[in-house]
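This is what each chain is made of:
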Amino acid sequence: MGQVHAARDPELDRVAAVKVVLRTDDPEALRKFVREARLTGSLEHPGIPPVHELGRSMGGHPYYAMKRVEGCDLAAILAGDADAPELPRLLAIF
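Residues numbered from 1 in each chain as written. Predicted model: local features only at pLDDT ≥ 70, side-chain atom pairs only at ≥ 80, totals over all residues. Heavy atoms only, no water.

A few points about the pairing of strand E3 (residues 51–56)
- Pairing of E3 with strand E4 (residues 62–67), which is carried by 5 bridges, proceeds in the antiparallel orientation. Within E4, the position partnered with Leu54 by the bridge is Tyr64. (Pairing = 2+ DSSP bridges. Helix = DSSP H or I, 4+ residues; strand = E, 2+ residues; numbered from the N terminus.)

What follows is the structure, encoded as structure tokens:
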């Protein structure tokens, strides 16, 4: 549904994560993307990155910006990446 990129916020001089919608031609995908951003933005939990902004790029593409979290992604963990934490440790945290 979306792709996440690291971006620099020049106003606050910080790095953020920016998720952009992939299917701008699909009204249902756009609706789900906005719903995801609003839902995520309404949650407060240490394991959920806060959403800073929901908007559209200069090209008109919807995005939302959130706190950038360092680490490896789930795909790397499931693939057995040597740098990823061990699955039992992650399950205990979860």
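Quick notes on the pattern of salt bridges
- A complete count under the given rule lists 6 salt bridges for this structure.
- With a closest N to O distance of 3.1 Å, Arg8 and Asp13 form a salt bridge. This pair shows no difference in class: Arg8 is exposed, exactly as Asp13 is.
- We note a salt bridge from Arg68 to Glu70, for which the minimum N-O separation is 2.8 Å.
- The class of Arg68 is partly exposed, set by a relative accessible area of 36%. (Salt bridge = Lys/Arg side-chain N within 4 Å of Asp/Glu carboxyl O. Buried < 20%, exposed > 50% of the residue type's maximum accessible area, 1.4 Å probe, protein only.)

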